[in-house]
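One-letter residues, chain by chain:
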Amino acid sequence: MGKTMAEKIWDDHVVRSHAGEPDLLYIDLHLIHEVTSPQAFDGLRLSGRSVRRPDLTLATEDHNIPTTDLDKPIADIVSRTQVETLRRNAEEFGVRLYPMGNLDQGIVHVVGPQLGLTQPGMTVVCGDSHTSTHGAFGSIAFGIGTSEVEHVLATQSLSQAKPKMMAVEVTGALQPGTTAKDLILALIAQETTGGGQGYIVEYRGEAIEALTMEERMTVCNMSIEWGAKAGLIAPDETTFEFVKGRQHAPTGAEWDAAVQYWKSLVTDDDAHFDKVVTIDASTITPFVTWGTNPGQGVPLSASVPDPATIEDANERVAAERALEYMGLTAGTPMRDIDVDTVFIGSCTNGRISDLRRAAELIEGRKVADNTRILVVPGSVRVRLQAEEEGLDVIFKEAGAEWRGAGCSMCLGMNPDTLVPGERSASTSNRNFEGRQGKGGRTHLVSPDVAVATGVLGHLASPADLPPVPATAGV
Amino acid sequence: MEKITTHSGVAAPLKRSNVDTDQIIPAVYLKRVTRSGFEDGLFAAWRNDPEFVLNQDAYRDATILIAGPDFGTGSSREHAVWALQNYGFKAVISSRFGDIFRGNSGKSGLLAAEVDEKVVQALWDFVEANPGAPVTVDLESRTVSAGEGVDRIEDSFSIDDYTRWRLLEGLDDVAITLSHEDDITAYEAKRPSFKPATI
Ligand code: SF4
């Protein structure tokens, strides 16, 4: 019988396999950030161990760092301690670190692909659940806890039980005005937050093949939001094109050998998936969440659902609780929900193509009164690229705030947080209670919906925007 | 790591589904660089609510948490496990755990016992009818039990063999792997040269 792409990659990384034990997998790339690594380095120190392969390890600062006053030390002392601890650990253990102020600093999942470190056929791990992002290149990439971070640092390997295999067949084509973000939000609503549990998921089908690399990263990024161990997409010309020429991409004969290997990483026709789910991309319209988990979403054209109509008792109670937390009433059209803050950024939608799209939409328009838009590039290089293209000027002229790179309001570890009761439309990936600040209320949206919402002051899609005034751009 | 064989203690009913790791411990509490002290952040958003289960006298000293489905979904933060442990929890019972959370529990020595949804309901009913009465999680026999006589609840829970063995023995994962260092070295010798390096 044939193998799935994930099985091929898995098998190619087995260091040791023994009946009754999980496989020991070799890890090709270990990414590190300041929040989930200090205790791992401590563990190494306590047991007198070293980092086995500093050359396969990369650290960056992203979760804690401020997006304003970048020339000053971090004001929050605890955050600063955590960042400084990472710097000390990187120095002591010989790990390359891209600190604040470095051209290559940024959100760990933006930086890896940008440097060309993320390539097809790899195993990539990081003490961060959105490591699934790197699966867009046709890699097995997943988040790990701090004990596992220590394990990978010490051994460059990880013991893992082989997950089951699932295929997500995305048929049809995404309609204009609908994005990869809408696709993944619609899929999670269909499959619920536990639907992918225990599986490595392969996204396939014509709609997936048509996506750019950055769109594929948006899709794979949210694999964890429906519980999947990892999500991946078969590498193809789009992938090779993206990787080629980047700083850490192979060159010359190495490139040819790599591409030859990468091309072998497609699922065989007679491979077996333990589960197959289907979604028709052509039926998807702009999608938004109304609740406090990423599966609680509806098309923007719909209304806040009525928990009473939900059959499953747990889901029903969860929906009631979510509406209470979100301050919403069943039956309210989603478009009638006013929004205070719009956050454009994160490892889901903080890449250059996201910012280009957002800038194009906002050009000549103004942020609504009583609403603010925060634009936070995913990395320093994304910020510089955007500034070179004049996108920052477009955002600022529209009344949006242009910030430094980092995770920022995606999780509110830095000063960018919501206040209790404040409502946001966010291009990030989690609408959990308090995720963006205690008491904050989050609606997950695409960059397109984010901009339209910021301009109109309520949840909206670009189609709702009045035409740009004729004087714009003059 | 301490060995775990069996644990009996007060069990608190956390009657919510989808308690993600941001609920278990919000991001602002993740800034410590040690493994201790995270109990302050445990369920931070709910801790000031007098109605919250851990604020009720009967459950204040709970060492077992009985949670709804999809406990520990979301972020990879092992701080969620540490927060529960720092507070005093030894075991969590649920019908479904977030993958990474369950993995982290196994590494840190928190027993994550996956049971049928009916068992969760039965245990909830039991601890609410008998607040403060002990519940037992026995890793050796893979069972959860509570009560006596006709009301006795006893059912199995699932945990993978390998994690169970490691917990029973209190083994250090890194040391186990390093005993296979030759295999790692042999693997490295045949890795393709086109694979990227960070330095
Ligand atoms: S942007 Fe958000 S989801 Fe992504 S790594 Fe940062 S905190 Fe995590």
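Residues numbered from 1 in each chain as written. Chains lettered and ligands numbered in written order. Predicted model: local features only at pLDDT ≥ 70, side-chain atom pairs only at ≥ 80, totals over all residues. Heavy atoms only, no water.

In this section: the overall build of chain B. When helices and strands are tallied, chain B shows seven helices and seven strands. Its helices and strands taken in sequence order, chain B reads β-α-β-α-β-α-β-α-β-β-β-α-α-α from the N to the C terminus. Judged by the C-alpha coordinates and their principal axes, chain B covers about 65 × 40 × 25 Å. For chain B, buried positions account for 58% of its 199 residues. Taking all contacts inside chain B whose residues are at least 6 apart in sequence as the whole, residues at least 24 apart take part in 67%. A total accessible area of about 8100 Å² is found for chain B, and carbon and sulfur atoms account for 46% of it. Averaged over its 21 positive side-chain charges, chain B has a centre that lies 5 Å from the centre of its 32 negative ones. (Helix = DSSP H or I, 4+ residues; strand = E, 2+ residues; numbered from the N terminus. Buried < 20%, exposed > 50% of the residue type's maximum accessible area, 1.4 Å probe, protein only. Contact = heavy atoms within 4.5 Å. Areas by Shrake-Rupley, 256 points an atom, 1.4 Å probe, with all protein chains shown as cover. Lys, Arg positive; Asp, Glu negative; His and termini not counted. Charge placed at Lys NZ, Arg CZ, Asp CG, Glu CD.)

Next up on the list: the confidence of the model for chain B. This prediction gives chain B a mean pLDDT of 95; 100% of its residues lie at or above 70. Interface scoring of the predicted complex returns ipTM 0.94; its pTM is 0.94. (pLDDT = per-residue confidence, 0-100.)

On the side of chain A, 79 residues touch chain B, which itself brings 59 residues to the contact. Of the roughly 5600 Å² buried between chain B and chain A on both sides combined, carbon and sulfur atoms contribute 52%. It is B:Lys31, B:Phe194 and B:Thr198 that lose the most area in chain B upon contact with chain A, and together they represent 15% of the buried surface on that side. Across the contact surface, chain B and chain A share ten salt bridges. (Buried area = accessible area lost by both parts, 1.4 Å probe. Salt bridge = Lys/Arg side-chain N within 4 Å of Asp/Glu carboxyl O.)

Here we come to the packing of helix α2 (residues 79–87) of chain B against helix α3 (residues 99–108) of chain B. Residues and elements named next belong to chain B. Contact pair α2 / α3: the axes reach a minimum separation of 9 Å and the direction vectors enclose 50 degrees. For the element pair α2 / α3, the angle class is oblique. The chirality of how α2 crosses α3 is right-handed. Side by side, α2 and α3 meet where Ala80, Val81, Trp82, Leu84 and Gln85 of the first sit next to Phe101, Asn104, Ser105 and Ser108 of the second. Residues that form the contact of α2 with α3 fall into these classes: five nonpolar, four polar and no charged. (Axes fitted to C-alpha atoms, helices over the stretch in contact; angles between N-to-C directions. Parallel < 35°, antiparallel > 145°, perpendicular 65-115°, else oblique. Left-handed = near helix turned anticlockwise from the far one by under 90°. Nonpolar A, V, L, I, M, F, W, Y, C, P; charged D, E, K, R; others polar.)

This part covers unusual backbone geometry. The phi dihedral of A:Thr192 is positive, around 70 degrees, even though this residue is not glycine. For A:Thr192, the location among the structural elements is in the loop between α6 (180–191) and β10 (199–204). Note on A:Thr192: relative accessible area 33%, which makes it partly exposed. The phi dihedral of B:Asn18 is positive, around 55 degrees, even though this residue is not glycine. The exposure class assigned to B:Asn18 is buried, which follows from its relative accessible area of 13%.

Turning next to the site of the ligand. As a structural note, the neighbourhood of the ligand is formed by A:His63, A:Ile107, A:His109, A:Asp128, A:His130, A:Ser346, A:Cys347, A:Cys407, A:Cys410, A:Leu411, A:Asn429 and A:Arg435. Of the residues assigned to the shell around the ligand, the class counts are five nonpolar, five polar and two charged. (Near = heavy atom within 4 Å.)

Residue and element names in this part refer to chain A. By secondary structure assignment, the location of Asp416 is in the loop between β17 (401–402) and β18 (423–426). Under the relative-accessibility criterion, Asp416 is labelled buried at 7%. Among the polar contacts made by the side chain of Asp416, one reaches the side chain of Thr67 at a distance of 2.7 Å. Setting aside anything within four residues of it in sequence, one finds Asp416 in contact with Thr67, Leu374, Arg403, Ser408 and Met409. (Polar contact = N/O pair within 3.5 Å; in protein donor to acceptor, adjacent residues only side chain to side chain.)

Residue and element names in this part refer to chain B. In this structure, Val81 sits in helix α2. Take Val81: its relative accessible area is 0%, and that puts it in the buried class. Sequence spacing of Val81 and Ser156 is 75 residues, and the spatial spacing of their C-alpha atoms is 23 Å. Not counting the four nearest positions on each side in its chain, Val81 is found in contact with Phe101, Asn104, Ser105, Ser108 and Leu110.

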